[in-house]
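Next come the chains, spelled out residue by residue.
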Amino acid sequence: MNGFSSWLRNLGAKISYALRRFMMGRYGTDKLNMVILGAGLIASLISVFIHFMPVNLALTTLSYGLMGWAIFLTLSRNTYKRSQENRKYLMLVQRLKDREHRYFDCPRCRQQVRVPRGKGKFAISCPKCKEKFIKKT
Ligand SMILES: [Zn+2]
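Now for a description of the structure that goes with this document. Just so it is clear, the structure is predicted and the values come from calculations on it, not from any experiment.

### Quick word on the overall build of the chain
Okay, step 1: Counting its secondary structure elements, the chain contains four helices and four strands.
Okay, step 2: Starting at the N terminus and walking to the C terminus, you meet the elements of the chain as α-α-α-α-β-β-β-β.
Okay, step 3: For 137 residues, the compact-globule formula gives about 14 Å, and the C-alpha radius of gyration of the chain, at 23 Å, lies well above that figure.
Okay, step 4: Counting only C-alpha atoms, the chain reaches 75 × 45 × 25 Å along its principal axes.
Okay, step 5: By residue count, 23% of the 137 residues in the chain fall in the buried class.
Okay, step 6: Within the chain, contacts between residues separated by at least 24 positions form 39% of all contacts whose residues are at least 6 apart in sequence.

Printed below as a string of structure tokens:
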């Protein structure tokens, strides 16, 4: 049995080495692709309980689509673009969680501006380009 266990250990080391080599230069996982993967798994779980064919088919397609997308993002070599996407996603989550502020994009330079919520009509001046614009907060 000793020969077998050392063979197994050797195999494990080979696989982990191959995996590390395969992932070299690739993006890997982050919050965004974990959420996409999770959504895909949930869609696939729900589809198990729905026997109405068109809905079942749609959910199955959706779940494969989402999981495929998550895998594509994980294996992507364009790490800069992927981290930008993740940053945008994290900013969006922050926006949605923040009940005390509203977020606007400056009409001139697209800079994101955060203002306190519930102040009525409000003249906002962009911190970057000093452009003034009026928004309801
Ligand atoms: Zn601006």
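After that view of the structure, there is still more to cover.
### Thoughts on the coordination of the zinc ion
Okay, step 1: Within the protein, the atoms that donate to the zinc ion are Cys106 (SG), Cys109 (SG), Cys126 (SG) and Cys129 (SG), at distances of 2.3 Å.
Okay, step 2: Considering all four donor atoms around the zinc ion, the spread of angles at the metal, 108 to 111 degrees, places the coordination shape in the tetrahedral class.
Okay, step 3: Counting the intervening residues between successive donors of the zinc ion yields the motif C-x2-C-x16-C-x2-C. Residue Cys109 is located in the loop between strand S1 (101-105) and strand S2 (112-116), and its partner Cys126 is located in the loop between strand S3 (121-125) and strand S4 (132-136); the two are separated by 17 residues in the primary sequence.

### A closer look at the nonpolar core
One recurring pattern in soluble globular proteins: nonpolar side chains tend to sit buried together.
Okay, step 1: By size, the foremost hydrophobic cluster in this structure holds seven residues: Phe104, Cys106, Val113, Val115, Ile124, Cys126 and Phe133.
Okay, step 2: Cys106 has contacts with Gln111, Cys126, Cys129, Glu131 and Phe133, leaving out every residue within four places of it along the chain.
Okay, step 3: Residues Leu66, Ala70, Leu73 and Tyr89 belong to the second largest nonpolar core, which totals six residues.

Rules and cut-offs
Residues numbered from 1 in each chain as written. Predicted model: local features only at pLDDT ≥ 70, side-chain atom pairs only at ≥ 80, totals over all residues. Heavy atoms only, no water. Helix = DSSP H or I, 4+ residues; strand = E, 2+ residues; numbered from the N terminus. Rg over C-alpha atoms; globule rule 2.2 N^0.38 Å. Buried < 20%, exposed > 50% of the residue type's maximum accessible area, 1.4 Å probe, protein only. Contact = heavy atoms within 4.5 Å. Donors = N, O, S within 2.8 Å, 3.2 Å for Na, K, Ca; no water. Tetrahedral: all angles 85-135°; square planar, octahedral: opposite > 155°, others 65-115°. Core = buried A, V, L, I, M, F, W, Y, C linked by side-chain atoms within 4.5 Å.

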